[in-house]
Each structure stands twice: as structure tokens, then as C-alpha cells.
Amino acid sequence: MMPLRRFDIHQPSSAREAAEMLARFGEDGILYGGGTELLLAMKHDVLRYRHLVDVKVIPGADSIDLIGAVLRIGATATHRSIERSELVRAHLPVFARMESRVANVRVRSTGTLGGNLCFAEPHSDPATLLLALGATVVAEGADGRREIPVSELIAGAYETSLRHDEVLTEVHIPVTGPERRASYVKFSAHERPLLGLALVLDTPDGGETFTGARVAVGCVSPFPCRHEDSEGLLRGARSEVEQRLPETAEALADAAELVDDHEGSADFKRHLIAVFLKRAFLTAVRGEDAA
Ligand SMILES: Cc1cc2nc3c(=O)[nH]c(=O)nc-3n(C[C@H](O)[C@H](O)[C@H](O)COP(=O)(O)OP(=O)(O)OC[C@H]3O[C@@H](n4cnc5c(N)ncnc54)[C@H](O)[C@@H]3O)c2cc1C
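Everything quoted here is computed from the prediction, not taken from an experiment.

## Section: the domain arrangement of the protein
1) Next: Each domain of the protein was delimited in the assignment, giving domain 1 (8-53), domain 2 (64-174) and domain 3 (182-286).
2) Next: With centres defined by C-alpha atoms, the gap from domain 2 to domain 3 works out at 21 Å.
3) Next: Contacts between domain 2 and domain 3 engage 20 residues on the former and 21 residues on the latter.
4) Next: For the domain 2 face of the interface with domain 3, the top three residues by lost area are His123, Thr128 and Ala132, together amounting to 34%.
5) Next: Connecting domain 2 to domain 3 are 2 salt bridges.
6) Next: Two residues, glutamate 121 and arginine 192, come together in a salt bridge whose shortest N-O distance is 3.9 Å.
7) Next: In this structure, the connection of domain 2 to domain 3 is made through 7 residue pairs in polar contact (both at pLDDT 80 or more).
8) Next: Partitioning the side of domain 2 that touches domain 3 into residue classes produces 12 nonpolar, 5 polar and 3 charged.

Shown next as C-alpha cells:
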């Protein structure tokens, strides 16, 4: 590892000021949250920046609130603070549980949700679950703010649809009552997950019939994939849906455009999707992760 090149840290007092700093510094400036990805890349001299804009110091940028039926998580909230939040545990336990299994406690205590999403590393747990939960993010730029569905935020491996001067400020996640069951399951052989699979089922009768479904698979391709045809196979009576799980897994694997890489062959990943879809289904039906 190389010694870090010299850089300056800037501390804005609002997201708008951070965006203005980014606009001013151009290619020499970048946002900095926990630094768990950015500083590592800079130490390896893969990324070089002269100006780091520290978003963690922005007052209130890490707050977690429930507004109506939407959980609003500030972009600088750390994985650890989300995992421990009473509000998240009470209203979206599946998200708190997912966060408790990200990386290790050291990374979770420093790494932020915003940093995780904006780095767009393909092995992200939150991105896959947020896609299935139908979450949106708020981005603030030098000339205004906009809301972006998570499905449109991740544009590829290490690529988002944010403009250079945009700061991710909040993540909005809809929460619902007892008629929604959700689960997130993952498989890791090394540090980061090799597969993440999220399932959300609408069930008006406690798990006997499913009137709506959302499924997303991540980590097996450059960005998480949601597939509506697979979701169609997850609607109906429980026994029928259960019988169709192998077919659903095949459809999902086809849609995910699996590739052979150092983590395993496409066939291996296809096999994992079948195993983990069943696991996700049983977890959701039993209400173990709840929504
Ligand atoms: C050993 C290790 C294990 C890991 N295991 C997992 C795992 O199991 N599951 C998982 O999901 N992740 C895992 N990660 C990734 C981890 O979750 C991220 O490193 C962390 O969340 C990044 O947050 P950060 O605040 O440190 O980002 P930073 O390093 O500060 O920033 C990362 C990128 O995001 C940009 N950025 C930061 N904040 C914002 C913002 N508010 N708006 C716009 N852009 C922003 C930065 O400019 C930079 O490009 C692991 C990481 C490590 C080092």
C-alpha cells in the first residue's frame, strides 16, 4: 500500500454547500463519508483527489425518522446506527437484520448507508434489499434536489446515475403493516457477499395467499436485478407458489445475466439462487424477518 497523497478536507454545513464545493472543485473533489471504500482506494493510488468534502459533519444528515408510512434514513447514518435504531427495528426489522450482517462491526461503525449505495460496489447488501422494498433516494445538487428510485440509482459496477455535484441526502423506504412479509438472505464465502436475495410478499391472510410479490437478486452480476416475470410466479396460493419456486429461480437467474468469475461459475450462482430463493420464501412466510 502507498502512503496517502496529500489532500484537504472540507467541512460543509449543509448538503447544498457540499454540492457547491463539488461543483467548484470539479474532478479534483469528491464526497467522503466513513471513508471505508474511498480511503482504501486512495491508499492503493487507484483514486486520486485533492479535495475531500466530509458529509458526516452536516447537521442532521444521519437522522432516522418515520414520516407517515415511510422510513427516512439520512445518508450518513452508519450501518451500525441503523442496525441499532429502535425505529428501524420496530417498523422495518428486515432492514435492521440485513444491516446487522453487513461486513464486520468495525466497518459497520464507520461505513455509511449513503457511501455504500454511492460506491455501487456490486456486492452491496443494502442495494438489493432496497430494490425489493421499492425505496427511493434524495439527491441534492448545486441547482436543486430530486428523488430517484433505487432501481435507477445504480447504473453499473461502481457507477451511479448521480451527477458529479450531487449529494445523496436521504433514503426513503416504504413500510407497511402485517399484510407484508419480507426476507433477505445472503451467502458469503469471503469478506463480501457472493449472493444476496430479497423477497417481499403481500399476504392478506397470514401467509396462505400472495397477492403481490417483489424479488431482487444481487452480488451475482454488476448490479442488483429485479424481475417482474419472476414476481408473477410468486403470486397465488402458497402451495402453488411453493411448487413454482424452481421455475421462478430459473427465470430470475436468466434475468440476472450471470457471469463466470473468480467467485464461481454462472452455473454455481444459478444453483445458489435456487437454494436461497427457497430459503427466502420460507423465512418470509414464517414471518421471521417480517417487513
Ligand atoms: C472489509 C469490508 C467488508 C465489507 N463487507 C460488506 C458486506 O458484507 N456487505 C455490504 O453491503 N458492504 C460491505 N462492505 C462495504 C461497506 O458497506 C462500505 O464500505 C461502506 O458502507 C461505505 O460507506 P462509507 O461511508 O465508508 O463510504 P466512503 O468510502 O466514504 O465513500 C464511498 C463512495 O461513496 C461516495 N459517497 C459517500 N457518501 C456520499 C453521499 N452522501 N452522496 C454521494 N456520494 C457519497 C464517495 O464519494 C465515494 O465515492 C465492506 C467493506 C469492507 C471494507
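From this point, the narrative continues.
## Here's the deal with the pairing of strand 4 (residues 64-67)
1) Next: As paired elements, strand 4 and strand 5 (residues 70-74) share 4 bridges and run antiparallel to each other. The partner of isoleucine 67 across the bridge, within strand 5, is valine 70.
2) Next: Connecting strand 4 to the next strand, strand 5, in antiparallel fashion are 2 residues, including glycine 68 with a positive phi near 60°.

## Some words on the sheet that holds strand 14 (residues 212-218)
1) Next: Across the sheet, 4 strands lie side by side as 11-12-14-15; this open sheet has antiparallel pairing. Only two strands of the sheet have a single partner each, and these edge strands are strand 11 (180-187) and strand 15 (225-226).
2) Next: Bridging between strand 14 and strand 15 involves 2 bridges; their strand directions are antiparallel. Each residue of the ladder has a partner; that of valine 217, found in strand 15, is cysteine 225.
3) Next: Lying on the sheet, helix 13 (residues 266-286) is in contact with strand 11, strand 12 (195-202) and strand 14; it crosses strand 11 at an angle near 145°.

## Comments concerning the side chain of arginine 108
1) Next: For arginine 108, the position within the fold is in helix 6 (residues 105-110).
2) Next: Not counting residues up to four positions away in its chain, the partners in contact with arginine 108 are Thr78, His79, Arg80, Glu83, Glu99, Ser100, Val102 and Ala103.

Here is what the cut-offs are and how they apply
The numbering scheme is per chain: residues are counted from 1 as the chain's sequence reads. Local features in this predicted model are restricted to residues whose pLDDT is 70 or higher, and side-chain atom pairs enter the listing and the counts only when it is 80 or higher, whereas totals over whole chains, interfaces and linings include all residues. Water and hydrogen atoms were dropped before computing side-chain values, which therefore reflect all heavy atoms in the structure. These domain limits were set by an automatic method or by a database of domain assignments. The contact rule is simple, with two residues in contact once any of their heavy atoms fall within 4.5 Å. Summed over both partners, the accessible area (1.4 Å probe) lost when two parts come together is defined as the buried area. Put simply, a salt bridge is a Lys or Arg side-chain nitrogen that is within 4 Å of an Asp or Glu carboxyl oxygen. In protein, a polar contact means a hydrogen-donor-capable atom and an acceptor-capable atom, both N or O and within 3.5 Å, with residues adjacent in sequence counting only if both atoms are side-chain atoms; elsewhere, any N or O pair within 3.5 Å suffices. Each residue receives one of three labels: charged for Asp, Glu, Lys and Arg, nonpolar for Ala, Val, Leu, Ile, Met, Phe, Trp, Tyr, Cys and Pro, and polar for the others, Gly being one of them. Any two strands between which DSSP finds at least two bridges are classified as paired. Numbering of helices and strands starts at the N terminus; helices are DSSP runs of H or I of at least 4 residues and strands are runs of E of at least 2. Comment: axis = line fitted to C-alpha atoms, over the contacting stretch for helices; angle = value between 0 and 180 degrees taken between N-to-C directions.

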